[in-house]
Amino acid sequence: MTFPASYVVRAIFAGLAVVALVTGYFGLHTYAKTLGLPSAPLDLLYWDLQLFVFDSAPLDDPRPLPAALEFARFAAPGVTVYTLVDGARLLFAAELRRFRARRSKDHVVVCGSGSAALALVERLRGTSTRIVMIGSAPVAAVGDRKALYVRGDARSPAALRAAGIQRASVLYACEPDSSANTAIALAAHGVARPGGRHPLSAYALITDPDLCAALRARRLSLPGRPLLRLDFFNLDELAARVLLDRHPIVNERPVVVIGLDAFGRSLLVEMARRRRLVPAPGPLPVTVIGADAARTVEAVCRRFEFVTEVCALTTHDAPPGDFPFGTLPFGELLPSEPPQRVFVCHEDQDLALKTALTSLRLWNCGPGSLVVRVEEAGVFSRAFESVHLLEGLSGALRVFAVNEEAGDPRLIGEDLVETLARAIHDSYVAENTARGHVRATNPSLVPWESLPSHLRAANRRQAEDIGRKLTSIGCALAPRVEPELRFAFKDYEIERLAMMEHERWLRDLVADGWTRGPVRDPENRKHPDLDSWDGISEAAKEKDRDTVRNLPRILAGAGFQIVRVG
């Protein structure tokens, strides 16, 4: 183990202080006898301590000093001088850090001192952006030139100003309490920003996925462009995407999901969402095991109907506490065919690891087939991957840390607009794939990540305008928690929203330098429909009407529904 140089120097001077105290005591004992002074232990100790403040009375006598006392009379003041200098340095450094935090510009502010905040800070260290943390307790992981620390309550405007929030570019509220994170974002909105600066982007961690969806829906429904770009994120939803990128479903063999806490539900939905975007011979066999699994899966499928379309679901209600030693009878629960992936998704980290390490039937499904969800990797990943704690099992078991994997600024920055833009594109891909279209004839039939940037931007602009359109007809966006509350646009609403969509599309293309031409020519930016609503063909109008008609289905695929208000 290595220690910082400052620690080593302090240890050296601490040892020197002890040596000076001991040699000074014995040197004074000898010297006191020479001078005929009293040599009571308390007198000697008092004179000894005076060596550290340059004022030990016996040293006023001009007679030669013993060697031990000669050493102590220089060593003790040296310790004092070092202590004063180091103390002044620390005070000055702390004040300098406070000044740098307060005067930072275009930096990132991270609120919180828990594992989610620390994981995010570690990701941000890899960028060129300065980081300022706000927390109620000191954190050992920060304090260098890249990451400054402000101690205080991030809900307080004073603490936010101390972190330079008025000049910051991004705020991440990562406290464990969702309401505190929302309050932090709103408090940041109340801090005045210098004129001409871009709006602050604020992201608040919401631990409950349903509450996160509700807040995001309400945010999109607000009119206009606010001074604060506010969005909400849930780590379990983001982690599910990362996990399937890391451990994709690659064949038709079964998949097993154990535990249906927030992460397990998010994983099931994301798995189905990806499945529907690729041609497949049939539904993917998925076995779900957990407490009250049947009812939980039913609720998930009510909200995301496409799950049952692409997955053949088998559920087993099997709470671990109902079985001896808390071990599930996997011989009765697992599918007959060996699964390609087993995801252990319990929110309880100890229960997840216990399930993986005591369920022997899960060990023989192949390399990397057993994936265990934990909050943070810590010693667990090192034990399996570096130290080889369980030699022979490490090839099959993978530890997936939600906080560390999902605490990615790029993923967090994909707000609801990005989610809906992706849903619009995914719907387009699924619809055209079902009609037999292929990438060779339609280059747009690619995953969102492979879509050209200008097409992704077009989808984002369309998604960003959904809230405005719905508000114009007295409707709002909400999480799809009551799918039986059916919604259908009225004919005049379809016409009105189609006109709004055409006007939005027209403004975007004109701003991008397109002009009207007889045929569509992307290379020269020509389009025949660059005209007012009354001037375009009926076929072009019908395309805009179809866009409106498809909106409830697209939103349903993203887990949202349209509700009439009032």
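Keep in mind that what you see is a predicted model, and the values were worked out from it rather than measured.

Taken as a whole, the protein shows an average pLDDT of 83; of its residues, 87% reach a score of 70 or greater. Every residue in residues 387-392 scores below 50 in pLDDT, and together they form seven contacts with partners more than four places removed in sequence or on other chains.

With 53 residues, the main nonpolar core has Val110, Tyr172, Phe263, Met271 and Phe343 as its most contacted residues. It is helix 8 (residues 235-246) that contributes the most residues to this core, seven residues altogether. Counting residues in hydrophobic clusters, the runner-up holds 34 residues, among them Val417, Ile466, Ala498 and Ile554.

Across a regular strand the side chains alternate sides, sitting on one face of the sheet and then on the other. Most of strand 11 (residues 370-374) sits inside the fold, with five of its five residues counted as buried. Here strand 11 shows no split at all, with Leu370, Val372 and Val374 on one side and Val371 and Arg373 on the other all buried. Examined bridge by bridge, strand 10 (residues 341-344) and strand 11 share three bridges and lie parallel to one another. Residue pairing in the sheet places Phe343 in a bridge with Val371 of strand 11. One ladder, built from five bridges, connects strand 11 with strand 12 (residues 397-401); its direction is parallel. Its bridge partner being in strand 12, Val371 is matched across the sheet by Arg398.

Moving on: the environment of Ala202. Position of Ala202 among the secondary structure elements: in strand 5 (residues 200-205). With relative accessibility at 0%, the residue Ala202 sits in the buried group. Between the C-alpha atom of Ala202 and that of Phe232, which follows or precedes it by 30 residues, the distance is 8.3 Å.

To continue, consider the sheet that holds strand 8 (residues 284-290). Read across the sheet, six strands follow the order 9-8-7-10-11-12 without closing on themselves; strand pairing throughout is parallel. The open sheet has two edge strands, strand 9 (311-317) and strand 12, and neither has a second partner. With strand direction ignored, the average angle separating the axes of adjacent strands in the sheet is 20°. Running at roughly 145° to strand 12, helix 8 makes contact with strand 10, strand 11 and strand 12 of the sheet. Contacts from helix 9 (residues 262-275) reach strand 7 (255-258), strand 8, strand 9, strand 10, strand 11 and strand 12 within the one sheet, and its direction differs from that of strand 8 by about 175°.

We now examine the side chain of Asn234. Position of Asn234 among the secondary structure elements: in the loop between strand 6 (228-233) and helix 8. With relative accessibility at 2%, the residue Asn234 sits in the buried group. A polar contact is formed between the side chain of Asn234 and the backbone oxygen of Ile206, at a distance of 2.9 Å. Once residues within four sequence positions are removed from consideration, Asn234 is found in contact with Ile206, Thr207, Asp208, Pro209 and Cys212.

The rules behind each value
- Residues numbered from 1 in each chain as written.
- Predicted model: local features only at pLDDT ≥ 70, side-chain atom pairs only at ≥ 80, totals over all residues.
- Heavy atoms only, no water.
- pLDDT = per-residue confidence, 0-100.
- Contact = heavy atoms within 4.5 Å.
- Core = buried A, V, L, I, M, F, W, Y, C linked by side-chain atoms within 4.5 Å.
- Buried < 20%, exposed > 50% of the residue type's maximum accessible area, 1.4 Å probe, protein only.
- Helix = DSSP H or I, 4+ residues; strand = E, 2+ residues; numbered from the N terminus.
- Pairing = 2+ DSSP bridges.
- Axes fitted to C-alpha atoms, helices over the stretch in contact; angles between N-to-C directions.
- Polar contact = N/O pair within 3.5 Å; in protein donor to acceptor, adjacent residues only side chain to side chain.

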